[in-house]
Amino acid sequence: KEIQIVYNMGRKFAAARLRLGMPTRKAGCPKKGSSMRIVVCDDELDEVEAICAHLKEICKQTGIQAELRGFVSCEEFLAYTAKNYVDIVFLDICMGAYNGIDAARILRRTNETCAIVFVTASREYAVDAFDVTACHYLVKPATPAKLREALHRTQRLHHERRTLSIVSNYIN
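To keep things clear, this report deals only with the structure shown in the data block.

Conventions used here
- Residues numbered from 1 in each chain as written.
- Predicted model: local features only at pLDDT ≥ 70, side-chain atom pairs only at ≥ 80, totals over all residues.
- Heavy atoms only, no water.
- Pairing = 2+ DSSP bridges.
- Helix = DSSP H or I, 4+ residues; strand = E, 2+ residues; numbered from the N terminus.
- Axes fitted to C-alpha atoms, helices over the stretch in contact; angles between N-to-C directions.
- Contact = heavy atoms within 4.5 Å.
- Buried < 20%, exposed > 50% of the residue type's maximum accessible area, 1.4 Å probe, protein only.

1. Observations regarding the sheet that holds strand β4 (residues 88–91)
Right, so step 1: The 5 strands lie next to each other as β3-β2-β4-β7-β8, forming an open sheet whose pairing is parallel. Unpaired on one side and paired on the other, β3 (66–71) and β8 (136–139) mark the two borders of the sheet. The mean inter-strand angle of the sheet, taken between neighbouring strand axes irrespective of direction, is 15 degrees.
Right, so step 2: The strands that helix α2 (residues 45–62) touches are β2 (36–41), β3, β4 and β7 (115–120); relative to β3, the one it contacts most, it runs at about 175 degrees.

2. What about the environment of L91?
Right, so step 1: One can find L91 in strand β4.
Right, so step 2: Separated by 50 residues in sequence, L91 and C41 have C-alpha atoms that sit 5.0 Å apart.
Right, so step 3: When sequence neighbours within four positions are dropped, the list of residues in contact with L91 reads C41, F77, G100, A103, A104, V117, F118 and V119.

3. Examining the pairing of β7
Regular strands place their side chains on alternate faces of the sheet.
Right, so step 1: Burial analysis of β7 places 6 of its 6 residues in the buried class, which makes it a mostly covered element.
Right, so step 2: Relative to β7, β4 is paired through 4 bridges, and the arrangement is parallel. Bridged to F90 within β7 is V117.
Right, so step 3: Here β7 pairs with β8 via 4 bridges, running parallel. Among the inter-strand pairings, T120 is bridged to a residue of β8, identified as V139.

Any functional reading would require information that these geometric values do not contain.
Structure representation (structure tokens):
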């Protein structure tokens, strides 16, 4: 097994990915300098609207350029994230037929670097959140202060993940 660590997302990264036979950029991945894509998914419309409103205000206050999308259907959320790169996901866990942990596992198949924040009424899934490398776990109600803290943490972690990428190539 050979593991190559590549620093920075510049030319060296693209060249290393090409040498390994990998695409230089995942489909739908935004170009440098574009706004962050933030997605909120909860089965309750009131929660989606409240979280989106708080995040919009926080982004405005802090100067973060962001594209916000909200979903009340886990199926629509997964269809969107399968075709579009997202930077940060605020995801409920208990959503009727769907479990947010399972949705995060599906999301990880197409997007390894997005920051996942669980926003849920239950504390019982906190340990399971580590399995999908969630970077924050909020218990409802999601106050503006909690969302601000989560957004800043995810933004910092997301930047670190984009700066240090691990590219692995398995040799038999």
